[in-house]
Amino acid sequence: KNKICYGVTVSGLQTATKAHLHMGNAGVEGGMVKLNLLPPRNSARECVRGLGERFIKKIAHNSSSYYVDVNNNEYPGGALRGQLTR
């Protein structure tokens, strides 16, 4: 259906300003943003529609090679990071 649904939960973080999906294994900084996500207050849930089937399959087959990066004003380059899990 060309969509990805996700949930992100954070704690101990001042107001999040951005959240992104990156490709990168644990401990490895990923490059380009693969997908912009809702910045979570405490949590965020949404379904992003209109994505390519190939992109969705890559994530589904190798989800641990992707991570979510949450930014805020204090840490604009990334305040929190978490690898994807199913």
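Residues numbered from 1 in each chain as written. Predicted model: local features only at pLDDT ≥ 70, side-chain atom pairs only at ≥ 80, totals over all residues. Heavy atoms only, no water.

1. Concerning the overall build of the chain
Right, so step 1: Of regular secondary structure, the chain possesses one helix and six strands.
Right, so step 2: Along its sequence from the N terminus, the chain presents helices and strands in the succession β-β-β-β-α-β-β.
Right, so step 3: Taking 12 Å as the expected radius of gyration for a compact globule of 86 residues, we find that the chain reaches 13 Å, a close match to that expectation.
Right, so step 4: By its C-alpha atoms, the chain is 35 × 25 × 20 Å across when sized along the principal axes.
Right, so step 5: Within the chain, the proportion of its 86 residues that are buried is 34%.
Right, so step 6: In the chain, 62% of the contacts between residues at least 6 apart in sequence involve partners at least 24 apart.
Right, so step 7: Carbon and sulfur atoms form 48% of the exposed surface of the chain, whose accessible area is close to 5,900 Å².
Right, so step 8: Between the averaged position of the 12 positive side-chain charges in the chain and that of its 5 negative side-chain charges there is a distance of 10 Å. (Helix = DSSP H or I, 4+ residues; strand = E, 2+ residues; numbered from the N terminus. Rg over C-alpha atoms; globule rule 2.2 N^0.38 Å. Buried < 20%, exposed > 50% of the residue type's maximum accessible area, 1.4 Å probe, protein only. Contact = heavy atoms within 4.5 Å. Areas by Shrake-Rupley, 256 points an atom, 1.4 Å probe, with all protein chains shown as cover. Lys, Arg positive; Asp, Glu negative; His and termini not counted. Charge placed at Lys NZ, Arg CZ, Asp CG, Glu CD.)

2. Some points on helix 1 (residues 53–61)
Right, so step 1: F55, I56 and I59 are the residues of helix 1 that are buried. Along the long axis of helix 1, the arc covered by the buried residues comes to 95°, so they all point the same way. Among the exposed residues of helix 1, those oriented more than 90 degrees off its buried face are R54 and H61.
Right, so step 2: Those residues of helix 1 that are buried lie in contact with strand 1 (3–9), strand 2 (16–23), strand 3 (33–37) and strand 5 (66–72). (Arc of directions from axis to C-beta.)

3. Quick word on the packing of aromatic side chains
Right, so step 1: Applying the stated criterion across every chain, the model contains zero aromatic pairs.
Right, so step 2: Seen from the ring of Y67, R81 lies directly overhead, with NZ or CZ sitting 3.5 Å from the centre. (Phe/Tyr/Trp six-rings, centres within 6.5 Å; stacked < 30°, edge-to-face > 60°. Lys NZ or Arg CZ within 6 Å of the ring centre and 35° of its normal.)

Keep in mind that these numbers describe shape and distance, not what the molecule does.
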